[in-house]
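The residues making up each chain are set out below.
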Amino acid sequence: LRVSLIGAPNAGKSLLTNVLLGRKVTAVSSKVNTTTSQTFGVLTEAAGGEGAKVETRLMIFDTPGVVDHKHYRNTKQRERVSDAYATAALCDALVFVVDAERQIRKPDPRVERLIIEYRKEVESFSGGREGGEPAAMPKSLLAMNKVDLVRGGDKTDLLELARSLNDLGSFDQVFMVSSLKRTGTDDLLDYLKSISAPLKPGKQGNWSSAMGESESSHNYETFAVELVKEQVYRRLNGEIPYVLRINPVSCKFLRDGSLRIEQDLLVNHIKKKKIVVGKRGQAIGQIGCRARAQLERQLEMKVHLILNVKVKKQE
């Protein structure tokens, strides 16, 4: 089952993706537009007795935050939004993620417009069936995220918000979740498994054949880029996380079995380089140490992470 998570920026899609998969595949930060391209991970579970084992396989996509056409800031944002809807159109299930606490505290009409328009946007990227029939719309779910931040007295407001958004979007199911506290996420995952067609071990569905046996969209090199990006967004402020580019230099195993990864962090001005490096190298040191710790924990191996901060040549 292919599952796409979509929603407005900063709704918590990336953390929810990682929680559903049970491992990190995508960067998470409190800054908007941390996710700039779709990332996926695969969850496979075996079930059944001897001689009758089957597999449940979910391919879960994290996508960039979407906004309506009136709020495109630039061409890159328009392309990111188009990529998000194009990914959703290829999936069997769509999870629309809403920051419930923020929507209750400060209702955003843009979120409501997105819920009204998302079906039309997804259908515009669907190829349609043979004979000219429209393509089937993916099963649509609403994930009310960050419910742990909703105060006790506002639970009635939470239910009213769920009803009003469901009226706008006509969702097949509504789930109250907290990605941070891991509450309600098991219910969402169990539902996704229940609507997934089981596969016999060793066989692939049509949807996964193009991906081979990949467990995620990352190899060691690109996974390291994702984790370094996460720490850049968490450690640095202002425009720097958005203008900094991370270029992989090398990724190789050493004789002792450890992994050596080298990356260039590119900025467009010497002043920005000084900020990224920090006083006595503190900023880049923290970014590197935290990213390396994450890599070693996720990959379960010794990692040597070398980060070079450079000013890129102006073209």
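Everything below is about the structure shown above.
Computed from a prediction, not measured in an experiment: that's the story for all the values here.

So what exactly am I meant to see when it comes to the pairing of strand 4 (residues 93-99) here?
Two faces belong to every sheet, and in a regular strand the side chains alternate between them. Counting buried positions along strand 4 gives seven out of seven residues, so the element sits mostly inside the fold. Both faces of strand 4 are covered, namely the face carrying Ala93, Val95, Val97 and Asp99 and the face carrying Leu94, Phe96 and Val98. Two elements, strand 4 and strand 5 (residues 139-145), share seven bridges in a ladder whose sense is parallel. Bridging from a neighbouring strand, valine 95 pairs with leucine 141 of strand 5.

Looking at this structure, how should I read the nonpolar core?
Considering soluble globular proteins, one finds that nonpolar side chains tend to be buried as a cluster. In terms of nonpolar packing, the biggest core is built from 27 residues, with Tyr85, Phe96 and Met144 touching the most fellow members. Counting residues per element, the ones that place at least two in this core are helix 2 (75-89), strand 4, helix 4 (109-124), strand 5 and helix 5 (155-169). Apart from the residues within four sequence positions on either side, tyrosine 85 is in contact with Ile6, Val66, Leu114, Tyr118, Glu121, Val122 and Phe125. The next biggest cluster of nonpolar side chains, apart from the first, holds 26 residues, and it includes Phe223, Val225, Leu236 and Leu265.

Can you walk me through unusual backbone geometry in this structure?
Backbone geometry follows two general trends: most residues other than glycine have a negative phi, and most peptide bonds adopt the trans configuration. With a phi close to 65°, asparagine 10 is a non-glycine residue in the positive phi region. With respect to the helices, strands and loops of the structure, asparagine 10 is situated in the loop between strand 1 (2-7) and helix 1 (13-21). Judged by relative accessible area, which is 24%, asparagine 10 ranks as partly exposed.

Sorry if this is basic, but what is going on with the environment of leucine 254 here?
One can find leucine 254 in the loop between strand 7 (245-253) and strand 8 (259-267). Take leucine 254: its relative accessible area is 32%, and that puts it in the partly exposed class. Measuring from C-alpha to C-alpha, the distance between leucine 254 and valine 303 comes to 9.9 Å, with 49 residues separating the pair along the chain.

Mind showing me how you'd approach helix 5 here?
The terminal C-alpha atoms of helix 5, which comprises 15 residues, lie 21 Å apart, in line with the 21 Å expected from a rise of 1.5 Å per residue. For helix 5, the set of buried residues is Leu158, Leu161, Ala162, Leu165 and Gly169. Viewed end-on, helix 5 has its buried residues packed into an arc of 100°, placing them on one side of the element. Those residues of helix 5 that are buried lie in contact with strand 4, helix 3 (100-105), helix 4, strand 5 and strand 6 (173-176). Serine 170 occupies a position one or two residues after helix 5 and carries a positive phi of about 50°.

So, how was this worked out
Each chain has its residues counted from 1, running along the sequence as written. Totals for whole chains, interfaces and linings use all residues, but because this is a predicted model, local features are given only for residues with pLDDT of at least 70 and pairs of side-chain atoms are given and counted only at 80 or more. Hydrogens are left out, water is left out, and the side-chain values use all remaining heavy atoms of the structure. Buried residues are those whose accessible area, probed at 1.4 Å on protein chains only, stays under 20% of the maximum for their type, while exposed residues exceed 50% and partly exposed ones sit between those limits. Only DSSP runs of H or I reaching four residues or more are called helices, and only runs of E reaching two or more are called strands; each is numbered from the N terminus. Should DSSP find at least two bridges between two strands, the strands are taken to pair. Here the nonpolar core consists of buried residues drawn from Ala, Val, Leu, Ile, Met, Phe, Trp, Tyr and Cys, with membership extended through side-chain atoms lying within 4.5 Å. Note on contacts: a residue pair is in contact if any heavy atoms of the two residues lie within 4.5 Å. To estimate how far a helix should reach, multiply one less than its number of residues by 1.5 Å. Each C-beta atom gives one direction from the helix axis, and the arc is the one those directions make.

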